[in-house]
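So you can see what is in the structure, the chains are spelled out below.
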Amino acid sequence: MGRKVTLATCSLNQWALDFEGNLTRILKSIEIAKQRGAKYRLGPELEICGYGCADHFYESDTLLHCFQVLKSLMESPLTQDIICDVGMPVMHHNVRYNCRVIFLNKKILLIRPKMLLANYGNNREFRWFSPWSRPRYVEEYFLPRMIQDLTGQTTVPFGDGVLSTKDTCLGSEICAELWNPRSPHVDMGLDGIEIFTNSSASYHELRKADHRVNLIKSATTKSGGIYLFANQKGCDGDRLYYDGCAMIAINGDIVARGAQFSLEDVEVVTATLDLEDVRSYRGERCHPHMEYEHKPYTRIKTDFSLSDCDDRCLPTHQPVEWIFHTPEEEISLGPACWLWDYLRRSGQAGFLLPLSGGVDSSSTACIVYSMCVQICQAIKDGNSQVLEDVQRVVNDSSYRPEDPRELCGHLFTTCYMASENSSEDTRNRAKDLAAQIGSNHLNINIDMAVKGMLGIFSMVTGKWPQFCANGGSARENLALQNVQARIRMILAYLFAQLCLWAQGKPGGLLVLGSANVDESLTGYFTKYDCSSADINPIGGVSKMDLKCFLQYCVKSFQLTALIGILDAPPTAELEPLTDGKVVQTDEADMGMTYSELSVIGRLRKISKCGPYSMFCKLIHSWKETFSPSQVATKVKHFFRMYSINRHKMTTVTPSYHAENYSPDDNRFDLRPFLYNTQWAWQFRCIDNEMSVYSFSICMKSVLFSVV
């Protein structure tokens with residue numbers, strides 16, 4: 001009958017500029033697709049070079065090497081008798097485009113440039129690419145000589161065309177085009193295209209996966225059709241984690257899906273679907289050609305069928321239920337996978353973490369433990385690549401981890417850096433957690449180093465600074481806290497470099513940071529303290545989410561030591577104790593709670609609020625808790641703290657991007673770092689609004705009492 005088609009999409013753990021590794025993973029995905037009977041294979045966006053090449057896209061070498069890899073792909077026997085759809089940059093008329101290159105049996109069928117570029121959040125595609133601005137227009141592209149010699153083609157179609165096989169028609173979308181209100185699949189569906197494909201490099205954010213799935217379901221609910229979604233997976237070389245979720249949908253239902261988080265470098269998702277289901281759906285719900293008024297798409301005709309003549313006995317895939325991860329599960333899985341990619345690709349031998357016994361550093365420790373859990377499970381499931389990587393990291397070709405705690409002992413060193421201001425409670429909490437996860441735990445006292453540093457200052461100036469508790473000034477108090485924090489950073493790097501050397505082992509350790517997104521937002525950390533590290537897996541996660549994550553770890557990993565950590569008030573422990581007890585707390589130092597900070601952070605970034613508009617929103621949402629004057633005080637205090645400390649974000653440790661109100665200065669949240677911290681005009685507007693609001697409330701009270 002020839003109406004059932006088997007299609008393949010995939011998630012690949014590509015790495016920017018790793019042309020050799022990227023080629024291997026692409027070929028592996030094609031091989032798996034063919035083994036499963038697929039006649040079409042879709043890959044992620046820019047998969048040949050990797051999505052995260054950034055300014056390397058400017059280099060002619062990047063374009064050259066992409067075509068060299070394309071040539072290798074076309075020459076491979078694995079790519080014969082299957083339509084391969086790969087992503088790479090292409091320069092046409094001296095303009096650089098983000099393209100899909102679709103080929104079959106050593107012939108390029110179509111080069112389809114991206115039309116709607118992603119230029120928000122972490123995406124800066126307009127910096128490197130131009131959009132193809134001519135809908136439904138196709139022209140000739142002159143191939144490089146190396147490709148001409150292989151294919152025998154001088155030119156190939158380039159533009160917004162679709163592929164017409166002997167049995168159906170396919171059209172491409174690229175990543176952000178799905179999210180755009182003018183998505184190409186709408187016009188393609190009305191013009192009779194039955195299969196839509198989307199190659200993406202979509203990165204993880206907490207609570208985002210359902211948006212992606214709903215968009216794909218919606219795309220085929222409206223006018224029917226089959227939708228294939230391919231995505232990159234893993235750490236491409238920067239702060240982002242691409243979270244897979246390759247999927248196939250038909251007529252509004254998901255029928256096949258891949259994992260959101262996994263350690264598999266190559267994951268292929270296939271489905272067998274009946275084209276008649278699309279035609280029947282459309283026949284009842286819409287009449288595409290009667291409604292379509294635009295110029296039709298140029299159809300690139302291909303002498304190839306996606307279906308077989310005799311497919312009566314071929315079963316089709318049925319709808320599956322998509323169960324989304326909770327935010328706590330996302331924190332457990334996403335940053336852990338990111339850490340593993342970073343570790344195995346960095347050439348280092350493990351991690352070192354200053355473990356203070358508080359929520360933040362304990363969260364980082366639990367993420368490393370979750371990484372070890374995932375590694376052991378992957379090896380148990382037969383993932384030979386993960387086993388090979390583990391053996392290389394620990395420098396033991398015979399090692400095979402069986403237990404996460406035992407693996408943690410090989411990869412993870414924690415250290416409690418005590419001072420005279422540290423309490424026994426935090427020391428014991430850190431020790432108990434380290435014992436439960438199995439890390440190599442060190443107890444280090446920094447008092448000698450602190451006194452040595454202050455001794456140098458005293459020798460030069462003749463003065464010895466004191467804490468406020470001992471009669472010192474606020475300036476002295478802050479300086480004494482900072483010197484402790486910075487010495488901890490120096491010692492962390494010293495032990496990371498030489499800890500394994502002292503044990504007679506090769507390699508060094510990556511230092512992990514543990515400042516959360518709310519502390520970064522207000523600058524509540526010392527510049528160049530323990531927040532200064534190689535990478536930070538929780539820098540994009542809020543304090544409130546981290547507390548929920550630790551509660552999840554208590555249940556999922558049986559880490560009962562976390563119960564005491566959750567019950568304790570957050571503290572920096574940088575000021576003197578009173579009767580052996582901590583009196584300094586984070587929320588008192590910041591002048592607001594972490595819960596309030598999360599609300600303010602979302603208003604600042606997501607709602608694009610300045611001081612005045614933030615106040616106007618909060619006097620209503622916080623009216624049951626705070627008076628207008630109290631709201632004004634909190635808003636002003638936040639913006640003063642934020643503007644005074646924004647300079648710290650220019651040197652903050654690269655962090656896993658997880659939250660859409662992150663203040664990451666690298667490319668997500670671009671702001672000045674030298675502000676007029678008085679905010680005179682803005683704060684005066686708040687004061688005026690507060691007066692008007694108070695007068696309005698007063699008049700309403702008077703009128704009510706008269707009535």
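Residues numbered from 1 in each chain as written. Predicted model: local features only at pLDDT ≥ 70, side-chain atom pairs only at ≥ 80, totals over all residues. Heavy atoms only, no water.

Student: Explain empty space enclosed by the protein to me, please; I cannot follow it from the model alone.
Tutor: Inspection of the entire model under this criterion finds two cavities of 30 Å³ or more. Each pocket or cavity is described by its volume, and for the largest cavity that value is around 130 Å³. Along the wall of the largest cavity there are 16 residues; nearest its centre are Gly-539, Gly-540, Ser-655, Ser-662 and Asp-664. Residue composition of the lining of the largest cavity, grouped by class: six nonpolar, eight polar and two charged. (1 Å grid on protein atoms, 1.4 Å probe; cavity = no way out; pocket = protein on both sides within 12 Å on 5 of 7 lines; lining within 4 Å. Points joined across faces, edges and corners; volume = space filled by probe spheres on them. Nonpolar A, V, L, I, M, F, W, Y, C, P; charged D, E, K, R; others polar.)

Student: Please explain the nonpolar core as it appears in this structure.
Tutor: Most often, soluble globular proteins have nonpolar side chains that are buried together. Formed by 61 residues in total, the largest nonpolar core has its most connected members in Phe-351, Met-371 and Ile-375. Top element by residues in this core is helix H10 (residues 359-380). It accounts for 12 residues. Sequence-distant contacts of Ile-375, that is, excluding residues within four places in its chain, are made with Leu-263, Trp-340, Val-386, Val-390, Leu-407 and Leu-411. Counting 52 residues, the second-largest nonpolar core is a separate cluster that includes Cys-66, Phe-103, Ala-201 and Tyr-242. (Core = buried A, V, L, I, M, F, W, Y, C linked by side-chain atoms within 4.5 Å. Buried < 20%, exposed > 50% of the residue type's maximum accessible area, 1.4 Å probe, protein only. Helix = DSSP H or I, 4+ residues; strand = E, 2+ residues; numbered from the N terminus. Contact = heavy atoms within 4.5 Å.)

Student: I'm lost on the pattern of salt bridges in this one. Help?
Tutor: Two side chains that carry opposite charge are able to pair once their charged atoms sit near each other. What the rule picks out here adds up to 36 salt bridges. For the salt bridge of Glu-194 with Arg-279, the shortest nitrogen-to-oxygen distance reads 2.6 Å. Of this pair, Glu-194 sits in the loop between helix H5 (184-190) and strand S10 (195-200) while Arg-279 sits in helix H7 (residues 275-285), and the two are 85 residues apart along the sequence. Owing to a relative accessible area of 30%, Arg-279 belongs among the partly exposed residues under this scheme. Among the charged side chains, a network of salt bridges with common partners joins Asp-265, Asp-341, Arg-344, Asp-389 and Arg-392. (Salt bridge = Lys/Arg side-chain N within 4 Å of Asp/Glu carboxyl O.)

Student: I keep staring at helix H21 (residues 611-621) and nothing clicks. Help me out?
Tutor: Along an α-helix, residues three or four positions apart point the same way, because every turn accommodates 3.6 residues. Every buried residue of H21 is accounted for by Pro-611, Met-614, Phe-615, Leu-618 and Ile-619. Buried residues of H21 fall within an arc of 130° about the axis and therefore sit on the same side. (Arc of directions from axis to C-beta.)

Student: Sorry, what's going on with the pairing of strand S9 (residues 169-174) here?
Tutor: Successive side chains on a regular strand alternate, one facing one side of the sheet and the next facing the other. Of all six residues making up S9, six are buried, and the element is well covered by its neighbours. By the alternation rule, side chains of S9 split into Cys-169, Gly-171 and Glu-173 and Leu-170, Ser-172 and Ile-174, which are all buried. Bridge count for strand S8 (residues 162-164) against S9 is two bridges, and the pairing is antiparallel. Each residue of the ladder has a partner; that of Leu-163, found in S9, is Leu-170. (Pairing = 2+ DSSP bridges.)

Student: Could you clarify how one ought to interpret the environment of Ala-632 in this entry?
Tutor: With respect to the element layout, Ala-632 can be found in helix H22 (residues 628-645). Residue Ala-632 is classed as buried on the basis of its relative accessible area, which comes to 3%. When residues no more than four places from it in sequence are discounted, the contact partners of Ala-632 are Phe-615, Ile-686 and Met-690.

Student: Quick question: what am I supposed to make of the side chain of Arg-212 here?
Tutor: Structurally, the position occupied by Arg-212 is in helix H6 (residues 209-223). Within the structure, the side chain of Arg-212 is placed 2.9 Å from the side chain of Ser-202, a separation counted as a polar contact. Setting aside its immediate chain neighbours within four residues, Arg-212 contacts Trp-179, Ser-202, Tyr-203, Phe-229, Asn-231, Asp-243, Gly-244, Cys-245 and Met-247. (Polar contact = N/O pair within 3.5 Å; in protein donor to acceptor, adjacent residues only side chain to side chain.)

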